[in-house]
Amino acid sequence: MELSLNVISEPAVEVPTLKVTPNAIKEAKRLLAAQGVEGAMIRVGVQGGGCSGLSYNLNFDTKTTQFDEIIEADGVKVVVDAKSAIFLKGTTLDFVTALMGGGFKFLNPNSTGTCGCGESFSA
């Protein structure tokens, strides 16, 4: 007697590289307006360094490359390079106002540890 199995697989759900909260969008718009550079975008990246091995960086940029991912959120363009995207997959970029520790915050599910200052992480 032969037994046959039908395997039903669920389609893979694509996890976005970066989600941007409304608070982060609002602050990005404010900073871009203050910068006054036509066509400027926010470039988000990960680089080696910091207490835990990797650190986040945010900069203004006006150029992209073929390897960049462009995320548009309510009129704000956020650019992530391919290398950084590996470490940022599923991350939420938020902006928090607080007397101490306010600013842009990365909520990264890939982070296996962070330093005390919150500026660097390990994955």
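Residues numbered from 1 in each chain as written. Predicted model: local features only at pLDDT ≥ 70, side-chain atom pairs only at ≥ 80, totals over all residues. Heavy atoms only, no water.

**Looking at the environment of Glu69**
Here is step 1 of the chain: Relative to the helices and strands, Glu69 resides in strand β4 (residues 69–73).
Here is step 2 of the chain: Counting along the chain gives 26 residues from Glu69 to Arg43, while the straight-line C-alpha distance between them is 10.0 Å.
Here is step 3 of the chain: Look past the residues within four positions of Glu69 in its chain and what remains in contact with it is Thr17, Val78, Val79, Val80 and Ala85. (Helix = DSSP H or I, 4+ residues; strand = E, 2+ residues; numbered from the N terminus. Contact = heavy atoms within 4.5 Å.)

**A look at the pattern of salt bridges**
Here is step 1 of the chain: Enumeration according to the criterion identifies 4 salt bridges in this entry.
Here is step 2 of the chain: For Arg30, the salt bridge goes to Glu27, with nearest N and O atoms at 2.7 Å. Of this pair, Arg30 and Glu27 are both found in helix α1 (residues 22–35), 3 residues apart, which corresponds to roughly one turn of the helix.
Here is step 3 of the chain: Under the relative-accessibility criterion, Arg30 is labelled partly exposed at 47%.
Here is step 4 of the chain: Among the residues examined, Glu27 registers a relative accessible area of 12% and is labelled buried.
Here is step 5 of the chain: Here Arg43 makes a salt bridge to Asp61, at a shortest N to O gap of 2.6 Å. With a gap of 18 residues between them, Arg43 in strand β2 (residues 41–48) and Asp61 in strand β3 (residues 54–61) connect regions that are remote in the sequence. (Salt bridge = Lys/Arg side-chain N within 4 Å of Asp/Glu carboxyl O. Buried < 20%, exposed > 50% of the residue type's maximum accessible area, 1.4 Å probe, protein only.)

**Some remarks on the confidence of the model for the chain**
Here is step 1 of the chain: Per-residue confidence for the chain gives a mean pLDDT of 82; residues scoring 70 or more make up 76%.
Here is step 2 of the chain: Taken element by element, the chain is modelled with least confidence in strand β9 (residues 120–122), mean pLDDT 60, and with most confidence in strand β5 (residues 76–80), mean pLDDT 94. (pLDDT = per-residue confidence, 0-100.)

**Observations regarding the pairing of strand β7 (residues 103–107)**
Here is step 1 of the chain: By the bridge criterion, 5 bridges tie strand β6 (residues 91–96) to β7 in an arrangement that is antiparallel. Along β7, the bridge assignment pairs Asp94 with Lys105.
Here is step 2 of the chain: In this antiparallel pair of consecutive strands, β6 and β7, the connection spans 6 residues, and Gly101 shows a positive phi of 85°. (Pairing = 2+ DSSP bridges.)

**Here's the deal with the nonpolar core**
Here is step 1 of the chain: In terms of nonpolar packing, the biggest core is built from 22 residues, with Leu18, Val20, Val44, Val76, Val78, Val80 and Leu88 touching the most fellow members.
Here is step 2 of the chain: Sorting the residues of this core by element identifies β1 (18–20), α1, β2, β3, β4, β5, α2 (82–88) and β6 as the ones contributing at least two each.
Here is step 3 of the chain: Examining the composition of this core, we find that 4 residues originate from one element, α1, more than from any other. (Core = buried A, V, L, I, M, F, W, Y, C linked by side-chain atoms within 4.5 Å.)

**Points about the environment of Asp61**
Here is step 1 of the chain: Through-space distance from the C-alpha of Asp61 to that of Gly39 is 8.5 Å; in sequence the pair is 22 residues apart.
Here is step 2 of the chain: Residue contacts for Asp61: discarding those within four places in its chain leaves Gly39, Ala40, Met41 and Arg43.
Here is step 3 of the chain: Within the local environment of Asp61, its side chain forms a polar contact with the backbone nitrogen of Lys63, the two atoms lying 3.1 Å apart. (Polar contact = N/O pair within 3.5 Å; in protein donor to acceptor, adjacent residues only side chain to side chain.)

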